[in-house]
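# Structure assessment
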Amino acid sequence: MSTTEKTAASGIGPIEGDGELAYSVDNPAPYIEAPRQRTKKTPKSTRGNFEMAAWLFMRLSGIVLVVLVIGHLLIQLVLDGGVSKIGFAFVAGRWASPFWQTWDLAMLWLAMLHGANGLRTVINDYAERPNTRLWLKGLLYTATVFTILLGTLVIFTFDPNIR
Amino acid sequence: MPAGTLYRGREGMWSWVAHRVTGVLIFFFLFVHVLDTALVRVSPEAYDEVVATYKTPIVALLEYGLVAAILFHALNGLRVIAVDFWSKGPRYQKQMLWTVVGVWVVLMVGALYPILGHAVREVLGS
C-alpha cells in the first residue's frame, strides 16, 4: 500500500491523494504508523493479545448483535400488536421452539459480554485511582457473571406448566 | 496544526460520546431486562404483573427512548467497523455519520406508531 511508506521524521505516513493536504477539519484522519514495529529482534511479548482479542470481539459480536437485537425489537415491540401481546403465554409459545431459545441465548451471552467489555473500557478511562478501578471492575464482573448465569438458567429450565 | 486536535469538538468526537452514553444506558437496561424475564421462573402472575407496567404510556415513552439508543448504537457501531476495516473508512467517517443519522431518523419515524400508538390511544381514552 502506497500510503504506508515510512518517513523517518514523523510518525504520520504520507497522505493518499494528490499531494496536497488531504486531511482537514472535515477529514481529520491521516494514516498513523504503529509506534513500534515488531522485528526479529523484538522480544516476545509476555502479555498476550487480550486487548486485541477484546477489540476484535467488540466488532464481531457487534455485527451479530445488530441482527439479533433488531430482530428481537421487531418481534417484541413492532409486529403483531407490539408490546401489548407480551405475557407469560407469549414467552411460553416462543421458547417452545429451540430456534428462539438459541436466538435468545446467543443474544444474552453476546450482549452481556459486549456490554461488560464496553463498561470495562469506560471504567479504565475514567476511574483513575487503582482502588476505585478494582472495586468498580469487581462489581461489574460479579454482576455480569450473575446475570449471564441467571438468564441461561431461565432459558434452559423454563417450564410452561409451572402452574 | 497537529492532526490529532482536529478531532476535538467535531462529528468524530460527538459520535464517540453518543456511542458511549447509549452503550452504558443499554447495558444497564439489559441487567433489568434479564431480571424481569427471570420472573417467568417465579410464576406467570408475577411476570404478567411486571410486563403490565411496560404497557403503560410512560414506559412506552421509555421504550421509544431505548429503541432510539439501540438503533443509534447499532448503526454507529457499523460505522466504527467501516472506519476500522475499510481502507477509505477514516476519510469518509463524517459522511458515514450523517448517513447513520439519516437512517436513524427514518427508522425512528417508522417506530413512532408501532411503539407509541397504543400509548396515545390509551391517553386519549379510545
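Owing to the predicted nature of the structure, the values given are computational and were not obtained by experimental measurement.

Criteria and thresholds
Throughout, a residue's number is its position along its own chain's written sequence, starting from 1. Chain labels run from A onward and ligand labels from 1 onward, assigned in the order the entries are written. Totals for whole chains, interfaces and linings use all residues, but because this is a predicted model, local features are given only for residues with pLDDT of at least 70 and pairs of side-chain atoms are given and counted only at 80 or more. Only hydrogens and water are set aside; all other atoms, that is, all heavy atoms of the structure, feed into the side-chain values. Every helix listed is a DSSP run of H or I at least four residues long, and every strand listed is a run of E at least two residues long, numbered separately from the N terminus. Per-residue accessibility, obtained with a 1.4 Å probe over protein chains only, is compared with the maximum for each type, and a residue is labelled buried under 20%, exposed over 50%, and partly exposed between these values. For this analysis, residues touch if any pair of their heavy atoms sits within 4.5 Å. Per-residue and other accessible areas were derived by the Shrake-Rupley procedure at a 1.4 Å probe size, with only the shown protein chains allowed to occlude residues. UniProt positions are given in the numbering used here, feature names are shortened, and annotations may be inferred rather than shown by experiment. Working rule for helices: expected span equals 1.5 Å times residues minus one. What qualifies as a polar contact is a pair of N or O atoms within 3.5 Å, subject to a donor-acceptor requirement within protein and to the restriction that residues adjacent in sequence count only when both atoms come from side chains. Every case where a carboxyl oxygen of Asp or Glu lies within 4 Å of a side-chain nitrogen of Lys or Arg is listed as a salt bridge. Lines fitted to C-alpha atoms define the axes, with helix axes restricted to the stretch in contact, and inter-axis angles between N-to-C directions lie between 0 and 180 degrees. Crossings are classed by handedness, with left-handed meaning an anticlockwise turn of the near helix from the far one by less than a right angle and right-handed meaning a clockwise turn. Residue polarity is assigned by list, with Asp, Glu, Lys and Arg as charged and Ala, Val, Leu, Ile, Met, Phe, Trp, Tyr, Cys and Pro as nonpolar; anything else, Gly included, falls into the polar class. An angle below 35 degrees is read as roughly parallel, one above 145 as roughly antiparallel, one from 65 to 115 as roughly perpendicular, and any other as oblique. The pLDDT value expresses, per residue, how confident the predictor is, ranging between 0 and 100. The rule is short: rings of Phe, Tyr and Trp, with Trp giving its six-membered ring, pair when the centres are within 6.5 Å, and they are stacked under 30 degrees, edge-to-face over 60, tilted in between.

### Some details on the overall build of chain A
Scanning chain A for helices and strands turns up 4 helices and 0 strands. Burial status across chain A gives 35% buried among its 163 residues. Considering only contacts within chain A whose residues lie at least 6 apart along the sequence, 56% involve residues at least 24 apart. Element-wise, carbon and sulfur atoms account for 65% of the exposed surface of chain A, whose accessible area totals about 10,800 Å².

### Some thoughts on the UniProt feature "transmembrane region" (unreviewed entry) in chain A
Residue and element names in this part refer to chain A. On the UniProt side, "transmembrane region" (unreviewed entry) is annotated at positions that read residues 56–79, 99–119 and 139–158 here. Taken end to end, residues 99–119 comprises 100% helix and 0% strand; its first and last C-alpha atoms sit 30 Å apart. This span, residues 139–158, is 95% helix and 0% strand, and a straight line between its end C-alpha atoms measures 28 Å.

### Focus: helix H3 (residues 98–126) of chain A
If you check H3 of chain A, its first and last C-alpha atoms are 42 Å apart, about what 29 residues at 1.5 Å a residue would give, namely 42 Å. For H3 of chain A, the N-terminal cap is Ser97 of chain A; the gap from its side-chain oxygen to the backbone nitrogen of Phe99 of chain A is 3.1 Å.

### A look at the pattern of salt bridges
According to the stated counting rule, one finds 4 salt bridges over all chains in the structure shown. Where Arg120 of chain A meets Glu51 of chain A, a salt bridge forms, and the shortest distance between an N and an O atom there is 3.0 Å. One end of the pair, Arg120 of chain A, is in helix H3; the other, Glu51 of chain A, is in helix H1 (residues 50–78), with 69 residues separating them in the sequence. When the shortest N-O distance is used, the salt bridge between Glu11 of chain B and Arg10 of chain B registers 3.6 Å. The class of Glu11 of chain B is buried, set by a relative accessible area of 15%.

### A look at the side chain of Asn76 of chain B
Relative to the elements of secondary structure, Asn76 of chain B occurs in helix H3 (residues 57–85). Those residues in contact with Asn76 of chain B that sit more than four places away from it in its chain are Ser15, His19, Leu97 and Val100 of chain B.

### Section: the packing of helix H4 (residues 130–157) of chain A against helix H1 (residues 11–38) of chain B
For the pair H4 of chain A and H1 of chain B, interaxial distance at closest approach is 10 Å and the crossing angle is 35°. H4 of chain A and H1 of chain B meet at a crossing whose hand is left-handed. The residues of H1 of chain B that touch H4 of chain A, namely those facing Leu140, Ala143, Thr144, Phe146, Thr147, Leu150, Gly151 and Val154 of chain A, are Phe27, Phe31, Val34, Leu35, Thr37 and Ala38 of chain B. Residues that form the contact of H4 of chain A with H1 of chain B fall into these classes: 10 nonpolar, 4 polar and no charged.

### Quick look at the packing of H3 of chain A against H1 of chain B
Relative to each other, H3 of chain A and H1 of chain B sit at 130°, their axes nearing to 10 Å. Taken together, the axes of H3 of chain A and H1 of chain B are oblique relative to one another. The handedness of the crossing between H3 of chain A and H1 of chain B is left-handed. Contacts from Leu108, Ala111, Met112, Gly115, Ala116, Leu119, Thr121, Val122, Asp125 and Tyr126 of chain A of H3 of chain A reach H1 of chain B at Trp16, Arg20, Val24, Phe27, Phe28, Leu30, Phe31 and Val34 of chain B. Of the residues that constitute the contact of H3 of chain A with H1 of chain B, the class distribution is 14 nonpolar, 2 polar and 2 charged.

### Points about the confidence of the model for chain B
Per-residue pLDDT for chain B averages 90, and the proportion of residues at 70 or more is 94%. Mean pLDDT across the secondary structure elements of chain B bottoms out at helix H4 (residues 93–124) of chain B, with 92, and peaks at H3 of chain B, with 95.

### Quick look at the packing of aromatic side chains
All names here are of chain A. Tallying each qualifying case throughout the model produces 8 aromatic pairs over all chains. An angle of 80° between the planes, with centres 5.4 Å apart, marks the rings of Trp95 and Phe158 as edge-to-face. On the criterion of sequence distance, the pair formed by Trp95 in helix H2 (residues 88–95) and Phe158 in the segment after H4 is long-range, its members being 63 residues apart. Here Trp95 and Phe158 have matching classes, each one buried. Ring centres of Phe99 and Trp103 lie 5.9 Å apart, and the angle between their planes is 55°; this geometry places the pair in the tilted category. Within this pair, Phe99 and its partner Trp103 are both found in helix H3, separated by 4 residues, close to a single helical turn. Judged by relative accessible area, Trp103 falls into the buried class, the value being 17%. These aromatic residues form a ring-pair network of at least three members: Phe88, Trp95 and Phe158.

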